[in-house]
Amino acid sequence: MIRPDSQRRDHFKDAVYPSPFHARQNEHNQKREWSRWSDYLSVPAYWCADMEYFAGRNACGVFDITPMVKHRVSGPDALPYMQRLATRDVSKIKPGRVGYTVWCDDHGQVIDDGTIFHLEEGVYRICSQEHQLDWFMTNTLGFDVTVREETHDVAGLALQGPTSCAVLKDMGLAGVEKLTPFGMTWFDFEGRRLMVSRTGFTGDLGYELWIDPGHAELLWDRLFEAGQLRGIRAMGSAALDMLRIEAGFILAGQDFLPAMQAVRAGHTRSPFELGLGWLVSFDKGVFNGRAALLEEQARGSRFRLVKLDIDGNKPARDSFVFTRDKKYAGTVTSAMWSPSAKASIALASLEMPHGEPGEELLVEIYYRRELKWNRVMAPARVVKDVFWDPPRKRQTPPGDF
Amino acid sequence: MSQMDSVIVVGAGHNGLVCAAYLARAGRKVTVLEAAGQVGGMAATREFAPGFKASCAHLLYLLDQDIRKELALDAHGLSLAANGMKTIALDAGGEHLTIGPDRVTGPGVSEADQAGYREYRRFMAKFAAVIGKLHNQLPPRITQERGDLLALGQLALKIRLLGRDDMREFLRIAGINIYDVLQENFDNPLLKGALSLDAVLGTNSGPRSNNSVFTALHRLSGNNGGGKAGVLALPAGGLGTVTEALAAAARKAGAEIRTGCPVERILLDGGRVAGVRLAGGEELRAATVVSNADPRTTILDLLGARHVEAGFAKRISNFRSRGNAAKLHLALDALPDFRGLSAAQLGERLVIAPTLEYVERAFNHSKYGEYSTMPVAEIVIPTVRDPSLAPSGKHVLSAVVQFAPRTLKSGWNEGKGAFTGVIFDLLAAYAPDIREKTLATELLTPEDLEREFRVTGGHWHHGELALDQFLMMRPAPKSAQYRMPVDGLWLCGAGTHPGGGVMGCAGRNAARAVLGA
């Protein structure tokens, strides 16, 4: 198998790598379809996106997260470095804990979002959607830190869904049920360290497993052996996308344009404009975007990211959003028919002052029925709560489903 | 007086002193902290050999005459030993050209060159005045705010008021290189060579480098009270007299000036400036710190890059500030015999820049980390006009020698001796007895200038003077109005608008900005 190796002289010829789980993914991939996620081959759907989605909600689904971009930050100034980089107060993420954050440029516009894993005192792993090495290196000026990309050194699997905890226990990870949300711990796995974090992108009970790529296939095998009677299934990116929209999680490149990719002014978003003001900590000292965000706070934001509950059952993909008197209000960024909420739902970016919870809007939906295009102006309203937020997500120890 | 009114000025270069004087006059409690044992920085007169004195900056051509009047510098000891000095373009065969503000004299100067020179001076002076008008204002920012839009509008209007033909010419040449412009206007190779030197002195560029016309214009842009553009003067006692007078004016206004106090750190409290810590550990509190140090030293070393946002830190670290000029001081037993020059002519400004191609070739070496094997030089023998700088009957030769890159491939430890030899060979081609007349030699490479005067890259202007580092881009967008992104921290040195040369405008503009805040 081709392995990512940037030391190899002709490494650039490999535009995309098979994941360390590739052989197993290949066995499960009945549709024989592959997509690309970052540097790796990924599976959009193994056999049926909807059924994979239901595995994630009613049993458990296994999703390969190796392609996520990973960086390790270490050195005496690791914490001050992280504080200046991220908008949130990283000092509150204790060793063994994980935190979600965004990071901004000097204009207070979001470059990317991701998770910070405080691996041990002063050593952090940042997982992100986009490649960040250039920006992270730029940020090292004046800090005694080492930043290393370790995307290819760690294989990752997300195990998401109500039976996930039980499967891990059956696999022999005694005590995994004690993990609280955003906690992590380590197990011995065939002589290797297996890191398990109670994190995920589905808004449900779930875990992420991190292992040396050489042990990837073995981990997959053990997981599926243990999960056989608990409905475990391989899950593709289409199912994951459904799960994350229900959970109200945003995706870089979908719900916001990463600031480093923007060409035109006004196309990027600040944390406030993504509903992530809670991640901005002004009292921790300087961080990238602080001055601009303070100014935005005083002046007011331009946009608001909202959740829409739309009448009817037609997914409102790529739709315009209007006020009830048909004035432009914004656009939908993600949309789906939610099987769990039994509703047509969407995330939308609206121009201020629109987007107060309860606001009544119209969504212009185009859909095709037997090759004929139809258009509907569907009434919609702004809702405050996410569409999927089960108590089991927070429960510790989780129930034995 | 409360700590809120206290201002610490880091560095007693001319801009720091100007800034301190204006702040003190406005009632602020000002303390100037200078690392060296004397004020003045690169514009201090220092003894480089027993009884022989020189200042690194050796000619005065940009000093703002309003500042001179407002701070009563003449009453504080400033007097000129020479004013309106001519430039003599040296020729190895003794066929020198004498270049005055209105005409060129010497062998081989054609009628066309003479006419070309008058026209060149006319438009260069006129264009320089457009730039000069900007020196005393905060650079407009690119915002939608009234003041900024108005300032930009005024600039556009000034350019439009040049008239159709001159406006077109201004826009055509302001960004291009001096080589092309001189080729268009002149035939005489020596004249072209000498004029091109004005475009590259103190910069990291050759005549063919882009916007070298701009640096030539900048040299002519000073407010000299209605005199001819770029008039060269020699203060009695060297440039140190200017900075001593500034220091006296600042003290009279109430500023305290402490020398031998290197600032090690700018202190913060709750994200805003709280004072400074000196190398000895002493801490001084003040809510306002104005730094005369260059932008990189100020932000990256004294403050620390971590205290500003990453994009800004990157811009500051990318501020181009690679010095490429060395400074030579010779203690002379007697006046050297420059072939074809009278003793009185040695009191003018002498330049070695025989042709445009010669100057460009001299620059080539520096691109690859080497010094010029055939350098160019601007030579002043100040003691012809001002005997106070040397023991009776003896002389000082002060020369800017280019090109000498900040980082020499072989290292300056090794290169300095060899480069000194190169310079003596160069001088000997014009003044064969230079070696016999020399009693002592001091050569300051950019590395020496950086160490001695704490200027990044040893760069005269604290950073390349070029269009991309001028006005609202100096030192970086959004920080060009002297205010740094940390509350209470300001810049006032040559790394800010309108740049270097002993002018003083940056210091005064910074003081106005601080007072207006």
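The rules behind the values
Residues numbered from 1 in each chain as written. Chains lettered and ligands numbered in written order. Predicted model: local features only at pLDDT ≥ 70, side-chain atom pairs only at ≥ 80, totals over all residues. Heavy atoms only, no water. Salt bridge = Lys/Arg side-chain N within 4 Å of Asp/Glu carboxyl O. Helix = DSSP H or I, 4+ residues; strand = E, 2+ residues; numbered from the N terminus. Buried < 20%, exposed > 50% of the residue type's maximum accessible area, 1.4 Å probe, protein only. Phe/Tyr/Trp six-rings, centres within 6.5 Å; stacked < 30°, edge-to-face > 60°. Lys NZ or Arg CZ within 6 Å of the ring centre and 35° of its normal. Pairing = 2+ DSSP bridges.

### Describing the pattern of salt bridges
Link 1 in the chain: Per the counting criterion, the structure on display carries 58 salt bridges over all chains.
Link 2 in the chain: With a shortest N-O distance of 2.7 Å, B:Glu378 and B:Arg349 are connected by a salt bridge. In this pair, B:Glu378 is assigned in strand 17 (residues 376-380) and B:Arg349 in strand 16 (residues 349-352), connecting sequence segments 29 residues apart.
Link 3 in the chain: B:Arg349 sits in the buried class, given a relative accessible area of 2%.
Link 4 in the chain: Two residues, B:Asp433 and B:Lys437, come together in a salt bridge whose shortest N-O distance is 2.5 Å.
Link 5 in the chain: The buried category is assigned to B:Asp433, whose relative accessible area is 12%.
Link 6 in the chain: Residues joined by salt bridges that share partners form a network here, namely A:Arg72, A:Arg125, A:Arg148, A:Glu150 and A:Asp153.

### Some thoughts on the packing of aromatic side chains
Link 1 in the chain: Taken as a whole and assessed by the stated rule, the structure comprises 24 aromatic pairs over all chains.
Link 2 in the chain: Of the aromatic side chains, those joined through ring pairs into one cluster are B:Tyr120, B:Phe123, B:Phe127, B:Phe170 and B:Phe186.
Link 3 in the chain: Across from the ring centre of A:Phe303, 3.5 Å away, lies the NZ or CZ of A:Arg269, which sits over that ring.
Link 4 in the chain: In this arrangement the basic side chain of A:Lys314 is found over the ring face of A:Tyr367, its NZ or CZ atom lying 4.9 Å from the centre.

### Some thoughts on the pairing of strand 3 (residues 45-49) of chain B
All names here are of chain B.
Link 1 in the chain: Burial analysis of strand 3 places four of its five residues in the buried class, the great majority of the element.
Link 2 in the chain: Bridging between strand 3 and strand 4 (residues 52-55) involves four bridges; their strand directions are antiparallel. Across the sheet, residue Thr-45 finds its bridge partner in strand 4, namely Ser-55.
Link 3 in the chain: Taking the residues that link successive antiparallel strands as the turn, the strand 3-strand 4 hairpin has two residues, and the phi of Gly-51 there is positive, at about 90°.

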